[in-house]
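Here are the chains, one letter per residue:
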Amino acid sequence: MEKALEEARNAGTLQDLERVRAAYLGRSGLISEIMKSLGRLAREERAEAGRAANAFKDSLGKLIEERRAALQAGMPAGSGFFDYTLPGRWRGLGSKHPVSAVIEEAARIFGKLGFTVAEGPDVETAYHNFEALNTPSHHPSLSPSDTFWLDTGELLRTQTSPVQIRVMESRKPPVRVITPGRCYRRDTTDATHSANFHQIEGLYVDQKVSLADLKGVMAYFAREMMGPKVAVRFRPHFFPFTEPSVECDFSCHICGGSGCRVCKNSGWIEIAGAGMVDPRVLRTVGYDPEIWSGYAFGMGIERIAMIRFGIKDIRMFYENDIRFLESLA
Ligand code: DAH
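J.: Looking at this structure, how should I read the packing of aromatic side chains?
T.: What characterises a pair of aromatic rings is the spacing of the ring centres plus the angle enclosed by the ring planes. Scanning the model with the defined rule gives 9 aromatic pairs in all. Judged by centre distance (6.4 Å) and plane angle (80°), the ring pair of Phe-317 and Phe-324 falls under edge-to-face. This pair shows no difference in class: Phe-317 is buried, exactly as Phe-324 is. Aromatic rings pair up to connect Phe-110, Phe-115, Tyr-204, Phe-221, Tyr-295 and Phe-297 into one cluster. Sitting over the ring of Phe-115, Arg-176 keeps its end group 6.0 Å from the ring centre.

J.: Just to check I follow, could you spell out the pairing of strand S5 (residues 196-206) for this structure?
T.: In summary, the side chains of a regular strand alternate between the two faces of the sheet. Counting buried residues along S5, 10 of its 11 residues qualify, which places the element largely inside the surrounding structure. Relative to S5, strand S4 (residues 175-184) runs antiparallel, the two sharing 10 bridges. In the sheet register, Val-175 faces S5, and the bridge partner there is Val-205.

J.: Help me out: how do you make sense of the environment of Gly-275 in this one?
T.: On the secondary structure map, Gly-275 appears in strand S8 (residues 268-277). Residue contacts for Gly-275: discarding those within four places in its chain leaves Leu-214, Thr-242, Pro-244, Ser-245, Val-246, Gly-294, Tyr-295 and Ala-296.

J.: Sorry, what's going on with the sheet that holds strand S6 (residues 232-239) here?
T.: Where strands meet in a sheet, backbone hydrogen bonds hold them as pairs that are either parallel or antiparallel. What the 7 strands build is an open sheet, ordered S1-S4-S5-S9-S8-S7-S6; its pairing is mixed. Whereas interior strands pair on both sides, the edge strands pair on one side only; in this sheet they are strand S1 (116-117) and S6. In this sheet, S8 lies alongside strand S7 (residues 242-251) in antiparallel orientation, the contact comprising 8 bridges. Counterpart to Glu-247 in the pairing with S8 is Gly-273. With respect to the sheet, helix H8 (residues 211-226) is in contact with S6, S7, S8 and strand S9 (293-300), its orientation differing from that of S9 by roughly 30°.

J.: Explanation requested: the nonpolar core in the structure shown.
T.: Note that soluble globular proteins tend to have their nonpolar side chains buried in a common cluster. Phe-110, Phe-221, Phe-250, Tyr-295, Phe-297 and Met-299 are the most contacted members of the largest nonpolar core, which totals 45 residues. Of all the elements in the fold, those that place two or more residues in this core are helix H5 (98-112), S5, H8, S7, S8, S9, helix H10 (301-309) and helix H12 (322-328). The greatest single-element share of this core, amounting to 7 residues, is contributed by H8. Within the second largest apolar cluster, 20 residues are counted, among which are Val-167, Val-175, Val-177 and Phe-241.

J.: Help me understand the site of the ligand, please; the structure alone is not making it clear to me.
T.: Surveying the vicinity of the ligand reveals 15 residues, the closest of which are Gln-159, Gln-164, Arg-185, Gln-199 and Glu-201. Here an oxygen atom of the ligand and a side-chain polar atom of Gln-164 are 2.9 Å apart. At 2.8 Å, a side-chain N or O of Arg-185 approaches an oxygen atom of the ligand. Across the complex, the protein chains shield 91% of the 350 Å² of accessible surface that the ligand would expose by itself. Comparing atom positions with the cavity grids shows the ligand to sit within the largest pocket. Mapped by element, the contributors of at least two residues to the shell around the ligand are helix H7 (161-170), S5, S8 and S9. When the residues that make up the shell around the ligand are grouped by side-chain class, the tally is 5 nonpolar, 8 polar and 2 charged.

Cut-off values and rules
Residues numbered from 1 in each chain as written. Predicted model: local features only at pLDDT ≥ 70, side-chain atom pairs only at ≥ 80, totals over all residues. Heavy atoms only, no water. Phe/Tyr/Trp six-rings, centres within 6.5 Å; stacked < 30°, edge-to-face > 60°. Buried < 20%, exposed > 50% of the residue type's maximum accessible area, 1.4 Å probe, protein only. Lys NZ or Arg CZ within 6 Å of the ring centre and 35° of its normal. Helix = DSSP H or I, 4+ residues; strand = E, 2+ residues; numbered from the N terminus. Pairing = 2+ DSSP bridges. Contact = heavy atoms within 4.5 Å. Axes fitted to C-alpha atoms, helices over the stretch in contact; angles between N-to-C directions. Core = buried A, V, L, I, M, F, W, Y, C linked by side-chain atoms within 4.5 Å. Near = heavy atom within 4 Å. Polar contact = N/O pair within 3.5 Å; in protein donor to acceptor, adjacent residues only side chain to side chain. Areas by Shrake-Rupley, 256 points an atom, 1.4 Å probe, with all protein chains shown as cover. 1 Å grid on protein atoms, 1.4 Å probe; cavity = no way out; pocket = protein on both sides within 12 Å on 5 of 7 lines; lining within 4 Å. Sits in = over half its atoms within 2 Å of the grid points. Nonpolar A, V, L, I, M, F, W, Y, C, P; charged D, E, K, R; others polar.

Set out below in structure tokens:
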């Protein structure tokens, strides 16, 4: 058996390879002789020997196909040698997925401000995803129509905010991290919604951190990500884990703010939720809110990628149509 594999491996031409195939796998080749002779064996032995012969047939067959492909790829037709002077075949370079491109760019931008990247699990506990984030158990986002609950009582995280909790539980302040990752919600898919999307969470906790710091950082990020013309606005909002809370919009990159389908004619696109970390959240992770304060934000990566690359339908990100991905490279 080793001999047959060896011969297939060493076949220098397609003709040699065919000879090896015929000798072992052909109609009057070794394997079919063995198969024919199985009848003479006792029943228990027959099954065992049959299995061994079939396994051998499969691995030799596979090796021969691989060798054939290699010979066909590497050899000028009709010649019996590998021509090392032939130019290589250009298979084309892959391109980066726009979601990865935005994550890397965000890591670079926030990296300049001293943020490092942290990650957390996709399967989360209700404690990290809701309770520690000051979200009461009667909050509508816990309902099975909004959240994918698992049989274990855990869930697919609905936001990257639970990574804030994990980071603070495991580190002493000050902390300054961004945490990119996948999120899951029972949303009906349409041009701007997907049940599976990505966020980048940011968290900065130190002494005397203020809302003005948050505004400055978001404005800096927007300009670095979108170019100097982008405008940023903050609207008051509510999140259970921040007080005060804001939503942060970027001016629409596609129409320049004059109004289009993507920004629903408002000229603005909602990019992030943010705010000052609620003192209850700090207390929960063992940080003293009398000493430490911080801001946090969570932004939608697809939203950023849509305006940065001019993509009008969020579903394009998940279809992995190679023409779409290449067009962004
Ligand atoms: N987790 C929120 C969401 O998915 C976004 C968010 C809001 C994140 C405020 C934050 C924050 O860190 O401070 O809608």
